[in-house]
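Okay, here's what each chain looks like letter by letter:
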Amino acid sequence: MTRNRRARPGHGLGLAAALFLVLGGTAAAEALDQETTCAVPEEIASTKLPLPHVTAKLKAREAVRIVVIGSGSSSGLGASSLAEAYPARLTRELGKLFPDGKFELTNLSKRGQLASEMEARFASEVAAAHPALVIWQSGTADAVKGVDLASFGEVLETGIDKLRALDADVILMNSQYSPHTLTALDTEPYRDYMRWAILSRSAILFHRYTMMKYWVEEGVIDFSSPSKAEQTRNDDLVHGCIAYRLALLIESAVKSGAEGDAKE
Amino acid sequence: MVRRAARFLKRLFTVDPAELVPSGQRDLRLDFFRGLALWFIFLDHIPSNLVNWVTVRNYGFSDATEIFIFISGYSASIAYGGTMRRRGFWLATARILRRCWQLYVAHIFLFVIFTAQIAYVAARFNNPMFSEEMQIVDFFNDPSATLVQALLLKFRPANLDILPLYIVLLLVFPLVLWALERRPAWVLAASAFLYGVVLATHINLPGYPPGEGWFFNPFAWQILFVIGALLGRVHGSAEPALPRDRVLLGTALAYLLFAFLVAMSWHIPELAPIVPQWLGNLIYPISKTDLDPLRLIHFLSLAYVTMWLVAEDAPFLKWRVSRPLVRCGQQSLYVFCAGIVLSFSGHFFLIEVDDSFVAQLAVSVAGIALMVALAYLLGWYRRAERAEGVEHKGSPRPLPRA
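Residues numbered from 1 in each chain as written. Chains lettered and ligands numbered in written order. Predicted model: local features only at pLDDT ≥ 70, side-chain atom pairs only at ≥ 80, totals over all residues.

## Brief notes about the overall build of chain A
Next up, step 1: Each helix and strand in chain A was counted, giving twelve helices and five strands.
Next up, step 2: Within chain A, the proportion of its 264 residues that are buried is 49%.
Next up, step 3: For chain A, the share of sequence-separated contacts (at least 6 apart) that also reach a separation of at least 24 residues comes to 82%. (Helix = DSSP H or I, 4+ residues; strand = E, 2+ residues; numbered from the N terminus. Buried ≥ 20, exposed ≤ 12 C-beta atoms within 10 Å, placed from the backbone. Contact = placed C-beta atoms within 7 Å.)

Right under this line is the structure:
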């Protein structure tokens, strides 16, 4: 993997950066950094698949309701506050990309939940939130418990079908890249089944594992530091980058949906 | 082709191994490829290592596990089949069970090392971001459960699941071998039937935590072990064990190419269109747990092509550069265990000290060098012991008492 394959939109924002720094907006400065900090290989940065329900809501200028359902990391573990966790930051990032859009987010994530336990909540709690988009993160808790892979894959597929029956678009998110537990906890088979599920259902996958691995390899984040402050900084950075990349992925899906409409 | 295959099967099922004249020479191919599988298993067990791109799993459906299990079945058949024919069922059984015990002890040893590593990681890294992943450690907070479950082979942490599979396959091997000596066709039929039952019902041995099965389902993987044992049984027959058929070779090569292209589509996004949705629905999921037929056929194709290309007396097997591989294959249990321990340490070095490509290369080379060194040491020791044994036998003096 070489550096020149990174998606790095635009440079020469130094002046703006300086301005932000002068204004003391650390969050804003961070946002600006994201383009370089949160860079990922181009092929996982965007999608050609559409998100028809999100696009329709945006067109109709209605609020886009988003549900995030996942396990520990989606419930905000690691982030210095809930506001810094990726689900909360996602609406802020989307607000920047779609200034006219309105986004309402419900986070139904629970630490340690298995994919099957989440799927059991689709018809009740998720349906009650009337989402146009569901971001479904899973695989880690299942790997910890060693859930049978075939049934994990089946749950993913029926889950996607159930969400679509609620008139919601679906983005799946896979496990985190967790260097220290790699030899003890193998999430790869679960990520494989996730890849096969999105292929069979033409759903979108957010390649969280590959992205985080890339950031570690590029030296953007370093999980080996024992310092608490350094850890929190890294964790916030990861949550921020995930929100940023998710928003860009959604934007690319909305764009490809619009292109699809234009062709018809 | 069909006629040749039928003749081959008939021969496979009717030949009396007792009539085969063993060449007395070790088939170096077994050692060579088992050594290769051990190197691959070591490399594959270091997750963040670019060097593991050289291993077989990246270029098709099957991986080093298949090679290891197949060759284990093949050589178990050679090693214990002779004993059973010459010395009877009970001695062969005793030898097989002794081997099981060695494997079991080795597995528990690896488990202890694994636990120590987990404990160290848990004490040192407590980034809340990974608290969900760290729940894998929680299993170790209750030693009364974990240790007992580990001793029962029900609790098998990731990367420690090959030996338990090998152990249970060997445990029932005396009966399999006994039946193979009498009704090989029935054994294959029974094995295939069990495999079919697994594919239909996913029955598995119970694991821990409760409710989950083995990562390598022994009811499925036994088919590979049995096929290996069946071929190992006629090992050394003058006629080549497998028919050299060009159509069969072409089919195998075509299948390997297909698997190669599919595997490439996993790694190179531009190649994703190779597997359109309908094909994906057809081939996925490719279960490793239940040894998906796609994997089994892939391995058998690979083995067939290898047998075509590499004759028993292929010169390269005796080349000096092949020696390290052959030696590793000859000491497979110890080298396997060393490989697992080294892969833990290697991975640890990469994430803690240096994860550059140079470091990855260095860790890979150093690990393999240590595995080879161990194999040479054990080989030297064994030869020395044997030489001494011969000396004592030859001398009229009684052995000095300890």
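## Looking at the interface of chain A and chain B
Next up, step 1: On the side of chain B, 37 residues touch chain A, which itself brings 40 residues to the contact.
Next up, step 2: Those elements giving two or more residues to the side of chain A that touches chain B turn out to be α8 (140-145), α9 (149-165), α10 (188-201) and α12 (228-263) of chain A.
Next up, step 3: Top contributing element to the side of chain A that touches chain B by residue count: α10(A), with five residues.
Next up, step 4: Grouping the constituent residues of the side of chain A that touches chain B by class yields 16 nonpolar, 17 polar and seven charged. (Nonpolar A, V, L, I, M, F, W, Y, C, P; charged D, E, K, R; others polar.)

## Section: the pairing of strand β2 (residues 102-107) of chain A
All names here are of chain A.
Next up, step 1: Only one face of β2 is buried, namely the one carrying Phe103, Leu105 and Asn107, since none of Lys102, Glu104 and Thr106 on the opposite face is buried.
Next up, step 2: Pairing between strand β1 (residues 63-69) and β2: six bridges, direction parallel. Bridge pairing in β2 places Arg65 opposite Glu104.
Next up, step 3: Traced from β1 through helix α5 (residues 86-97) to β2, the parallel crossover comes out right-handed. (Pairing = 2+ DSSP bridges. Right-handed = clockwise from strand over helix to strand, strands pointing away.)

## What about the sheet that holds strand β3 (residues 133-137) of chain A?
Residue and element names in this part refer to chain A.
Next up, step 1: A sheet is described by the order of its strands in space; here five strands give the open sequence β2-β1-β3-β4-β5, paired in parallel fashion. A strand with exactly one partner marks an edge of an open sheet, and here the two such strands are β2 and β5 (204-206). Strand after strand, the sheet turns through a mean of 25° between neighbouring axes, direction not considered.
Next up, step 2: With four bridges joining them, β1 and β3 adopt parallel strand pairing. Within β3, the position partnered with Ile66 by the bridge is Leu133. (Axes fitted to C-alpha atoms, helices over the stretch in contact; angles between N-to-C directions.)

## Remarks on helix α9 (residues 184-201) of chain B
All names here are of chain B.
Next up, step 1: A rise of 1.5 Å per residue sets the reference length of α9, with its 18 residues, at 26 Å; its end C-alpha atoms lie 26 Å apart and thus fit the reference within 8%.
Next up, step 2: Within α9, burial applies to Pro184, Val187, Ser191, Tyr195 and Val198. Buried residues along α9 cover an arc of 70° about the axis, so they all sit on one side. For α9, the exposed residues set more than 90 degrees away from the buried face come down to Trp186, Ala189, Phe193, Ala200 and Thr201.
Next up, step 3: As for α9, its buried residues are in contact with α1 (2-14), α8 (173-182) and α10 (218-233).
Next up, step 4: Phi turns positive one or two residues past the end of α9, at His202, with a value near 60°. (Expected span 1.5 Å × (residues − 1). Arc of directions from axis to C-beta.)

Coordinates in, geometry out; function isn't part of it.
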